[in-house]
Amino acid sequence: MNISLTGKVALVTGGSKGIGAAAALSLSEARAKVAICSRNADEVKKTAEAIEAKTGHRVLAITADVTSQAEVDQMVQEIISSLGGIDILINNAGHVGEIGAFEDIPTEIYSSLYELNVVSMVRLVKAVLPGMKAKKWGRIINLSSENGLQPDPDMTPYNLTKAAIINFSKGLSMSLGAHNILVNTVSPAFIYTPLVADMLKGIAAGNNSSPEDALQKFLHDKRPNIVLKRAGRVEEVGAAIAFLASEQASFITGTNLRVDGGSVGSI
Ligand code: NAP
């Protein structure tokens, strides 16, 4: 199967690293024109240049905070002027928020994480929708997590934002299907991103062990449900995202594609 996104423009929020950067690479390999954004100007520029060098396709780097309506509006205008529109939206920017016992997490953390993880997605969808409706073609892919279906008791703020995203995507898919705009969720579990690598280095330094030993212990103690018994790779999530964005996925909408090594226990 040859995925071709020639002629399509994709925006990946939080595309400077981790899953977002891998999604941007997969979309660019499929020949889409890609825009990526994050708050760190240097990082987003470096990542865009690295992808462009690998694939030979245009990647536009934008510094923008998705929690700011003004910055999102400006970014969308810039992409439309430079690349001609936005056909594919990958709502990836997000954070895990505060981790710990429920009693120790202040109420305000719930609202600020909801603002980043959920309201930013709403903001981005509203910004790209007029263009997608006019073209009668669109793909919206929202990043949730295994936590959206299988809550971690120490991650209550994150769990609820990721559950909300799955519900939001399904509802949107029902109202946008008539416009040939397909909306899906991708839910990864424990993907080896720079964030995870740093966390394991820290654990290893504390235990006087190697990062590989720390990874194995983390999998055993904290992620025992991953059937494949390893961390996922960012390119495994990137590939799933590129597939859902493609013409080959033209009859898939409202689904939640778990890229989780079998971690979520339900059918
Ligand atoms: P990451 O490595 O921390 O990358 C997050 C990206 O989002 C970065 O580019 C970051 O850049 C950007 N970002 C954060 N806040 C932003 C804001 N306000 N405005 C614009 N950009 C912002 O995260 P990741 O692990 O790749 O995760 C990506 C998505 O997958 C998240 O939604 C996460 O919940 C989900 N996910 C990840 C895993 C996992 O195991 N890694 C598992 C399940 C779900 P700046 O900070 O420089 O802005």
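In this report, the structure presented in the accompanying data block is examined. (Residues numbered from 1 in each chain as written. Predicted model: local features only at pLDDT ≥ 70, side-chain atom pairs only at ≥ 80, totals over all residues. Heavy atoms only, no water.)

The next thing to look at is the side chain of Arg223. With respect to the element layout, Arg223 can be found in the loop between α7 (211-222) and α8 (234-245). For Arg223, a relative accessible area of 16% puts it in the buried group. Residues within four places of Arg223 in sequence aside, it is in contact with Glu146, Asp152, Phe190 and Phe218. (Helix = DSSP H or I, 4+ residues; strand = E, 2+ residues; numbered from the N terminus. Buried < 20%, exposed > 50% of the residue type's maximum accessible area, 1.4 Å probe, protein only. Contact = heavy atoms within 4.5 Å.)

Of all residues adjacent to the ligand, which total 23 residues, the nearest are Ser16, Arg39, Asn92, Tyr158 and Ile191. Contact distances for the ligand include 2.8 Å between an oxygen atom and a backbone N or O atom of Ile19. Within the side chain of Lys162, an N or O atom sits 3.0 Å from an oxygen atom of the ligand. For the ligand, whose unbound accessible area comes to 880 Å², protein coverage reaches 91%. When atoms are counted within 2 Å of each cavity's grid points, the one that captures over half of the ligand is the largest pocket. Listed by contribution, the elements that provide at least two residues to the shell around the ligand are α1 (18-29) and α5 (156-176). (Near = heavy atom within 4 Å. Polar contact = N/O pair within 3.5 Å; in protein donor to acceptor, adjacent residues only side chain to side chain. Areas by Shrake-Rupley, 256 points an atom, 1.4 Å probe, with all protein chains shown as cover. 1 Å grid on protein atoms, 1.4 Å probe; cavity = no way out; pocket = protein on both sides within 12 Å on 5 of 7 lines; lining within 4 Å. Sits in = over half its atoms within 2 Å of the grid points.)

This paragraph deals with the layout of surface pockets. Its boundaries defined by the atoms lining it, the largest pocket holds a volume of some 1,500 Å³. In terms of lining, the largest pocket is formed by 46 residues, of which the most central are Gly94, His95, Val96, Thr193 and Leu195. Broken down by secondary-structure element, the contributors of at least two residues to the lining of the largest pocket are α1, β2 (33-38), α5, α6 (194-207) and α7. For the lining of the largest pocket, the element with the most residues is α6, which contributes 5 residues. Per-class residue counts for the lining of the largest pocket are 20 nonpolar, 14 polar and 12 charged. Counting residues domain by domain, the lining of the largest pocket receives three or more from each of domain 1 (9-191 + 233-259) and domain 2 (192-231). Taken as a whole, the second largest pocket encloses approximately 160 Å³ of empty space. Lining the second largest pocket, in full, are Glu146, Asn147, Gln150, Pro151, Asp152, Lys222, Arg223, Pro224, Asn225, Ile226 and Ser263. Partitioned by chemical class, the residues of the lining of the second largest pocket number 3 nonpolar, 4 polar and 4 charged. Split by domain, the residues of the lining of the second largest pocket number at least three in each of domain 1 (9-191 + 233-259) and domain 2 (192-231). (Points joined across faces, edges and corners; volume = space filled by probe spheres on them. Nonpolar A, V, L, I, M, F, W, Y, C, P; charged D, E, K, R; others polar. Domains from an automatic or database assignment.)

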